[in-house]
Amino acid sequence: MKRLITVTASRKIAIAVFVAGGMSFGTAVAQQADVKASSADIQRGRYLVRITGCNDCHTPGYPESNGKTDEKLWLTGSPLGWRGPWGTTYASNLRLVLQNLSEAQWLKHARNEWRPPMPWFNLREMSDADLKAMYRYIRHLGAAGEPAPAYVPPDKTPKQPYVQFPAPPK
Ligand code: HEC
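All of the points below concern the structure found in this document. (Residues numbered from 1 in each chain as written. Predicted model: local features only at pLDDT ≥ 70, side-chain atom pairs only at ≥ 80, totals over all residues. Heavy atoms only, no water.)

Quick notes on the site of the ligand
The environment of the ligand is formed by 22 residues, the closest being Cys54, Cys57, His58, His109 and Met118. The separation between an oxygen atom of the ligand and a polar side-chain atom of Ser92 is 2.8 Å. The separation between an oxygen atom of the ligand and a polar side-chain atom of His109 is 2.6 Å. Of all the secondary-structure elements, those providing two or more residues to the shell around the ligand are α4 (54-58), β2 (87-90), α5 (94-97) and α6 (103-109). A class-by-class count of the residues in the shell around the ligand yields 15 nonpolar, six polar and one charged. (Near = heavy atom within 4 Å. Polar contact = N/O pair within 3.5 Å; in protein donor to acceptor, adjacent residues only side chain to side chain. Helix = DSSP H or I, 4+ residues; strand = E, 2+ residues; numbered from the N terminus. Nonpolar A, V, L, I, M, F, W, Y, C, P; charged D, E, K, R; others polar.)

The following block contains the structure:
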C-alpha cells in the first residue's frame, strides 16, 4: 500500500473498502475522498502557510503570541475586525472553508479577489503546486472552530474589537 496520510473521513472510507475486501486500498481512497496528503505535502503546506503569513490574520492571537499559537488552532479564523472604506472584514476560518471545496475548486477560490486587508494579489501569484500543498495541509489539519464573524457594511459599527484603517492614499 502506498504511504498515505488521509483525513478522518477518508480513513472511514478506507476502512469500509478494506472490510469489503477491496483489492487496491490506496487507489480506492484517492478516488473516493479527493484528498490525500503525503508527508511531503504536509511539510511543504505547513512551511508555506507559515512563511506567507496566513496565520498572521487567519489564526486567533497568532501575532500577539509571537507565532507560538498551537498548530491545532492554525487558520481557525479570527474575531478581530478590519475596518476601512470597504466595511469591516474578518479573516475566514479556512479550516472550515476548505471542507466545502475540492482541490480544483480551491485553485479558483484562492485566486478570487477578496476585500482588504486579505492579500489576494499575493495568493494569486502562487503556483498550482504551492496552492495544492497548502490545500492538502489544511485539509489534513481538519475542520475546527467556528466560522469567523460575518462581514459588516461600511455604514454599520461592528460589535467586536476592530482595527481602523484610514482611507487609502490617492
Ligand atoms: C492581513 C490579513 C490577512 C492575511 C495576511 C491573509 N488573509 Fe486571507 N483573508 C483576510 C480577510 C480579512 C479575509 C476576508 C475578506 C473578505 O471578507 O472579502 C480573508 C479571506 C480569505 C479567503 C476567502 C475565504 C472565504 O471566506 O471563502 C481565503 C481563501 C484566504 N483569505 C486565504 C489566505 C491565505 C492562504 C493566506 C496566506 C497566504 C491569507 N489568506 C493571508 C485577511 C488576511
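A short note on the side chain of Thr69
Structurally, Thr69 can be placed in the loop between α4 and β1 (81-84). Within the structure, the side chain of Thr69 is placed 2.9 Å from the side chain of Ser65, a separation counted as a polar contact. Dropping the residues within four chain positions of it, Thr69 is found in contact with Thr59, Pro60, Gly61, Tyr62 and Trp74. (Contact = heavy atoms within 4.5 Å.)

Things to note about helix α8 (residues 128-141)
Relative to the 20 Å expected for 14 residues at 1.5 Å per residue, α8 spans 20 Å between its end C-alpha atoms, a close match to the ideal helical length. Tucked into the core, α8 has its buried residues touching α3 (39-51), α4, α5, α6 and α7 (120-123). Looking one or two residues past α8, Gly142 carries a phi angle of roughly 90 degrees, positive in sign. (Expected span 1.5 Å × (residues − 1).)

Quick word on the environment of Pro147
Relative to the elements of secondary structure, Pro147 occurs in the loop between α8 and β3 (162-164). Under the relative-accessibility criterion, Pro147 is labelled exposed at 60%. Each C-alpha atom, one on Pro147 and one on Gly77, is 6.9 Å from the other, the two residues being 70 residues apart in sequence. Filtering out sequence-adjacent residues up to four positions away, Pro147 remains in contact with Asn93 and Leu96. (Buried < 20%, exposed > 50% of the residue type's maximum accessible area, 1.4 Å probe, protein only.)

Some details on the pattern of salt bridges
Under the defined criterion, the tally for this structure stands at seven salt bridges. The salt bridge involving Arg46 is made with Glu71; its shortest N-O contact spans 2.7 Å. One end of the pair, Arg46, is in helix α3; the other, Glu71, is in the loop between α4 and β1, and 25 residues separate them in sequence. Residue Arg46 is classed as partly exposed on the basis of its relative accessible area of 26%. Linking Asp70 and Lys72 is a salt bridge whose minimum nitrogen-to-oxygen distance equals 3.4 Å. When its relative accessible area of 40% is taken as the criterion, Asp70 is described as partly exposed. It is possible to trace a salt-bridge network through shared partners that takes in Asp41, Glu103 and Arg136. (Salt bridge = Lys/Arg side-chain N within 4 Å of Asp/Glu carboxyl O.)

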